[in-house]
Amino acid sequence: MSVAITLTVNGAPVSREVDPRLLLSQLLRDELGLTGTHVGCDTSQCGACTVHLDGASVKSCAMLAVQADGSDVLTIEGIAGPNGALHPMQAAFREHHGLQCGFCTPGMVMGAIELARTAPDLEEATIREGLEGNLCRCTGYQNIVKAVRAGAQAMREG
Amino acid sequence: MYGFDYHRPAALSDIVDLLTADEDAKLLAGGQTLIPTLKQRLAMPTSLVDLSAVPGLREIVAEGDGVRIGAMATHAAVAGSEVVRAMLPGLADLAAHIGDPQVRNRGTIGGSIANADPAADYPAALVALDAVIRTDRRDIAGAEFFTGLFETALLLGEVVTSVFFPAASHARYAKFPNPASRYAMAGVFVAKQGDVVRVAVTGAGPSVFRWDAAEAALSARFSADALVGLVLDDDGLNSDMHADAAYRAHIVGVLARRAIA
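Residues numbered from 1 in each chain as written. Chains lettered and ligands numbered in written order. Predicted model: local features only at pLDDT ≥ 70, side-chain atom pairs only at ≥ 80, totals over all residues. Heavy atoms only, no water.

*Asks:* What's the story with the overall build of chain B in this structure? I'm lost.
*Replies:* The helix and strand inventory of chain B stands at 11 helices and 14 strands. What you see for chain B is a C-alpha radius of gyration of 18 Å, in line with the 18 Å of a compact globule of 261 residues. With respect to the principal axes defined by its C-alpha atoms, chain B has extents near 55 × 45 × 30 Å. Within chain B, residue pairs in contact and separated by at least 24 positions form 58% of the contacts whose partners lie at least 6 positions apart. Surface accessibility of chain B: about 10700 Å² in total, with carbon and sulfur atoms responsible for 52%. Measuring between centres, the 22 positive side-chain charges of chain B sit 7 Å from its 30 negative side-chain charges. (Helix = DSSP H or I, 4+ residues; strand = E, 2+ residues; numbered from the N terminus. Rg over C-alpha atoms; globule rule 2.2 N^0.38 Å. Contact = heavy atoms within 4.5 Å. Areas by Shrake-Rupley, 256 points an atom, 1.4 Å probe, with all protein chains shown as cover. Lys, Arg positive; Asp, Glu negative; His and termini not counted. Charge placed at Lys NZ, Arg CZ, Asp CG, Glu CD.)

*Asks:* So what exactly am I meant to see when it comes to the sheet that holds strand β3 (residues 50-53) of chain A here?
*Replies:* The strands that make up a sheet are held in pairs by hydrogen bonds between backbone atoms, and each pair lies either parallel or antiparallel. Residue and element names in this part refer to chain A. Taken together, five strands build an open sheet; the order of strands is β2-β1-β5-β3-β4 and the sheet is mixed. Every other strand in the sheet has two partners, leaving β2 (12-18) and β4 (56-59) as the edge strands with one partner each. Ignoring strand direction, the axes of neighbouring strands in this sheet form an average angle of 40°. As paired elements, strand β1 (residues 3-9) and β2 share seven bridges and run antiparallel to each other. Within β2, the residue paired with L7 across the bridge is V14. (Pairing = 2+ DSSP bridges. Axes fitted to C-alpha atoms, helices over the stretch in contact; angles between N-to-C directions.)

*Asks:* Would you mind showing me how to read the packing of helix α3 (residues 105-118) of chain A against helix α5 (residues 141-157) of chain A here?
*Replies:* For any two helices packed against each other, one specifies the crossing angle of their axes together with the interaxial distance. Residue and element names in this part refer to chain A. Between α3 and α5, the shortest axis-to-axis distance is 9 Å and the interhelical angle comes to 50°. Our classification of the angle between α3 and α5 gives oblique. When the axes of α3 and α5 are compared, the crossing they make is right-handed. Note on element contacts: α5 touches α3 through Y141, I144, V148, A152, M155 and R156, opposite M108, A112, I113, L115, A116 and R117. When its residues are assigned to classes, the contact of α3 with α5 shows 10 nonpolar, no polar and two charged. (Parallel < 35°, antiparallel > 145°, perpendicular 65-115°, else oblique. Left-handed = near helix turned anticlockwise from the far one by under 90°. Nonpolar A, V, L, I, M, F, W, Y, C, P; charged D, E, K, R; others polar.)

*Asks:* In this structure, what is going on with the pattern of salt bridges? I would like to understand it.
*Replies:* Between side chains of opposite charge, a pair can form as their charged atoms come close. All names here are of chain B. Enumeration over the complete set of coordinates arrives at 15 salt bridges over all chains. Of the charged contacts, one joins K175 and D121 as a salt bridge, the two residues approaching to 3.1 Å between their closest N and O atoms. Here D121 lies in the loop between α7 (109-115) and α8 (122-128) and K175 lies in strand β11 (residues 170-177), a separation of 54 residues in the sequence. Across this residue pair, the class does not change: K175 and D121 are buried. A salt bridge links D139 to R134, with the nearest nitrogen and oxygen atoms 2.9 Å apart. Residue D139 is classed as partly exposed on the basis of its relative accessible area of 44%. Given a relative accessible area of 34%, R134 falls into the partly exposed group. (Salt bridge = Lys/Arg side-chain N within 4 Å of Asp/Glu carboxyl O. Buried < 20%, exposed > 50% of the residue type's maximum accessible area, 1.4 Å probe, protein only.)

Have a look at this one:
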């Protein structure tokens, strides 16, 4: 069985015939070539595959592509400005060295953007709890938290 | 993942028909348990029947002396609902601490309770608050819904459509999350409605259960002090690499006191 789906990915319309068991992460990476979305654990724990679905962060490895039919998907490739300017959260990760090997970074940035929009405050405890769905195997959390706080402040001021 | 067919009808009756006609079809809500289960090849359904196109199942509305939460309402929606926060802040708080933010954006109350994981959080709320589960065909009392390990009173093809929670003068949940999975090693929901006190325990046994002795003590005096010295019998409690039965019995007592204070 294949199912016809139509969705928006980073602002562009996408139509595909897909096997129902195709994961959203596989659609993005293998079919659309958007390999910025990383697959770390593939067991919905590490959050490296986090993308935004209709504005909310989700783990794209824990979702079928058919479930995204009709939705608006935003990946790490879609957040920079039209002239290529880094998103404030990306700029903050660079400024504060919020990455070591960088594998978790796309998911961290996507999760952090939603956190910046929804968190009641930007206290360290709030940020750490808000990043519970994202793991960094380098254990680089200290600078990730710094980066998220700075990025969130920049988003709120911008 | 093994292959399967996929259906997403917009009519609830079509969902019920598809599930009734094929006992190996599985209902898909938010998929936060089902999709990982499929990926590990722990299940081999012939088809997935997606509930997400059926209208009206995400609504959260005040109704009489309580709140009705649609089966497809996500944990994030429950946590952020002004209706729930005003009427049952303890329930909103429970929802706000399920899994992690990404899981809460997809996982649903209907999916959670129909799956009946022994370490899930919602079952404690449903039992303590005497919730009523509405399905496509009937209402089921919270006390009768959870029948065992991953077992519910749902019949073949029966679909949860909403859960009604009556208001309470006290409703609070305390849990000890497993540091890795965030599932409850134990969780206790204490609710007081009029003179009735219920203490529901999840994560500690094969299915949610009420702690009668704690309820009796709290009915006499609704104070954390009333539970001092009271120890849950650990016979039949879960025992695993994370916590043995005696330890779980101990933390249930601690959590019950936290759920009152």
